Amino acid sequence: MKHMSYHSACSGSAWKRFLSALFILPLLLTLGSCDSPSGGIGKATSSAEINKKFHWKMVTTWPANFPIFQEGAENFANDVRIMSRGRLDIHVYAGGELVPPLQVFDAVSQGAVEMGHGSPYYWAGKVPEAQFFSSVPFGMTARGMNAWLYYGGGLDLWREVYAPYSVVPFPMGNTGMQMGGWFNKKIESLDDIRGLRMRIPGLGGKVLERAGGNPVLMAGSEIYTALERGIIDATEWVGPFHDLRLGLNRAAKYYYYPGWHEPGTMFELIVNQNKWNELPDDLKQIIDVAAAAVSEKIYAQMEYYNQAALEQIRANKNIELLEFPKDVLDELQRLTKITLEEEAAASPAFQKVYAAYTSFDEHYSDWSNLTEESYQRALRE
Ligand code: CA
């Protein structure tokens, strides 16, 4: 019925005269919208295909109701449902509801579910070079990541890396700059890092280990108790908003910045390649556009809620907000380079992504220093 009314609206001659008077008709004809509803975006599609409904499942790595992240996945599904007029109906499952959080990639890869939402560094054990598409220590911030992924060849490379697993990735969210974490003692020199038991995953953990610390792996739900009981001396999590929700301010006194280990962690929407191939072009386009919109909104939410939570932290006299000493950051940065180069030497796949990332990062830093950084300095000084 929708198809019929579409045609009758297009063929009404009075309507056509009205549109052409507004110089819109040439545009409509160019797009071929009356002859082929899918015109302009690919091959002609039959009406049976156009009306076909898809009921998909998306599994995420986030706990149920986890603010901003799980919400973002649900907002995406809702946007797609509305824009596709219900033709693509995605049911979102939080981590553990259908699939354990760290098995999301495998579930999508095997086609057990059609979609997933998480962050590429969760699959570092299987695909170490995926970490560059999340965040690496002393790497690019959200602005640089967006530029690299969308226009600097990063997304093409990411898709190439996931292709052997039949998984198609899309950027979908960024945490923005994270915080350095909560410490139960002050970090005044490199000596204070030695022997430090800190919950810090991934490459950041490897760098901490090189600096003499003891990285500890631990799920989010265990962090508060471990820090409060002294099982660990420090932890990183995300930023002010999520950290306060976890109550970390009640488990440690010193809150350090910046989050050198995660300067802008990217999230991903992942889609099973075969399921993706089954979709008509307009639904593919809806997914692509909705993912980009949700990506921007998650990043904006992070910036908004973190600045609001920072106000609370500043007002709390029991929290000391401290910057890592420069010599500590310099040494962590030096050790990061050694760590990345060692990983690259051990794996051609890692080397390839590392080289592409570093090359873009160097050019982007030049531009960023000249503009954003110099502007920030001008505001401060
Ligand atoms: Ca983190």
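All figures in this text were calculated on a predicted structure; none of them were measured in a lab.

### Describing the overall build of the protein
No. 1: A count of helices and strands for the protein gives 15 helices and eleven strands.
No. 2: Taking all 381 residues of the protein together, the buried fraction comes to 47%.
No. 3: Contacts in the protein between residues far apart in sequence, at least 24 positions, make up 75% of those at least 6 positions apart.
No. 4: For the protein, the accessible area works out to roughly 18700 Å², and carbon and sulfur atoms hold 54% of it.

### Structural notes on the environment of Val-136
No. 1: Structurally, Val-136 is set in the loop between strand 3 (115–118) and helix 7 (142–151).
No. 2: Expressed as a C-alpha distance, the spacing of Val-136 and His-261, which sit 125 residues apart in the sequence, is 6.4 Å.
No. 3: With residues near it in sequence (within four places) discarded, Val-136 still touches Gln-131, Leu-203, His-261, Pro-263 and Tyr-357.

### Description of the pattern of salt bridges
No. 1: Tallied over the entire structure, the rule returns 15 salt bridges.
No. 2: Between Arg-210 and Glu-342 there is a salt bridge; the shortest N-O distance is 2.8 Å. One end of the pair, Arg-210, is in helix 9 (residues 202–210); the other, Glu-342, is in helix 14 (residues 326–346), and 132 residues separate them in sequence.
No. 3: Residue Arg-210 is classed as partly exposed on the basis of its relative accessible area of 35%.
No. 4: Accessibility expressed as a relative area gives 49% for Glu-342, which makes it partly exposed.
No. 5: Arg-334 is the partner of Glu-331 in a salt bridge, and the nearest nitrogen-oxygen pair spans 2.9 Å. With Glu-331 and Arg-334 both in helix 14, this residue pair falls three residues apart, about one helical turn.

### A word on the confidence of the model for the protein
No. 1: Averaged over every residue, the pLDDT of the protein is 90; residues scoring 70 or more account for 88%.
No. 2: Here residues 1–41 scores under 50 on pLDDT; set against residues more than four positions off or in separate chains, the count is 25 contacts.

### With respect to the nonpolar core
No. 1: Ranked by internal contacts, the top residues of the largest apolar core, which has 49 residues, are Trp-56, Phe-76, Ile-90, Met-115, Leu-269 and Ile-287.
No. 2: Secondary structure elements with two or more residues in this core: strand 1 (54–60), helix 5 (69–83), strand 2 (88–93), strand 4 (167–174), helix 10 (220–228), helix 11 (240–245), strand 10 (266–272) and helix 13 (281–315).
No. 3: When residues in this core are grouped by element, the largest group, ten residues, is from helix 13.
No. 4: For this core, the two domains that each supply at least three residues are domain 1 (52–174 + 264–303) and domain 2 (178–262 + 317–346).
No. 5: Every residue in contact with Phe-76, bar those within four places of it in the chain, is listed here: Met-58, Ile-90, Met-115, Met-172, Leu-269, Ile-287, Ala-290, Ala-291 and Val-294.
No. 6: Core analysis: the next-biggest nonpolar cluster, separate from the first, contains 33 residues, Val-108, Val-127, Leu-149 and Ile-270 among them.

### Brief notes about the sheet that holds strand 5 (residues 181–183)
The strands making up a sheet associate through hydrogen bonds between their backbones, and the pairing can be parallel or antiparallel.
No. 1: Across the sheet, six strands lie side by side as 7-6-8-5-9-11; this open sheet has mixed pairing. Two strands lie at the open edges of the sheet, namely strand 7 (214–216) and strand 11 (320–323), each paired on one side alone.
No. 2: In this structure, strand 6 (residues 197–199) lies alongside strand 7, joined through three bridges in parallel fashion. In the strand pairing of strand 7, Arg-199 is matched with Val-216.

### Describing the coordination of the calcium ion
No. 1: For the calcium ion, the full set of protein donor atoms is Gln-178 (OE1), Glu-236 (OE), Glu-236 (OE), Trp-237 (O) and Glu-262 (OE), and the range of their distances to it is 2.2 to 2.9 Å.
No. 2: The motif formed by the donor residues of the calcium ion, counted along the single chain, is Q-x57-E-W-x24-E. Placement of the pair is Gln-178 in the loop between strand 4 and strand 5 and Glu-236 in the loop between strand 8 (234–235) and helix 11, with a sequence separation of 58 residues.

### Topic: the environment of Tyr-93
No. 1: Mapped onto the secondary structure, Tyr-93 falls in strand 2.
No. 2: You can call Tyr-93 buried: its relative accessible area is 18%.
No. 3: For Tyr-93 and Met-58, which are 35 residues apart along the polypeptide, the C-alpha to C-alpha distance reads 6.1 Å.

Conventions adopted
- Residues numbered from 1 in each chain as written.
- Predicted model: local features only at pLDDT ≥ 70, side-chain atom pairs only at ≥ 80, totals over all residues.
- Heavy atoms only, no water.
- Helix = DSSP H or I, 4+ residues; strand = E, 2+ residues; numbered from the N terminus.
- Buried < 20%, exposed > 50% of the residue type's maximum accessible area, 1.4 Å probe, protein only.
- Contact = heavy atoms within 4.5 Å.
- Areas by Shrake-Rupley, 256 points an atom, 1.4 Å probe, with all protein chains shown as cover.
- Salt bridge = Lys/Arg side-chain N within 4 Å of Asp/Glu carboxyl O.
- pLDDT = per-residue confidence, 0-100.
- Core = buried A, V, L, I, M, F, W, Y, C linked by side-chain atoms within 4.5 Å.
- Domains from an automatic or database assignment.
- Pairing = 2+ DSSP bridges.
- Donors = N, O, S within 2.8 Å, 3.2 Å for Na, K, Ca; no water.

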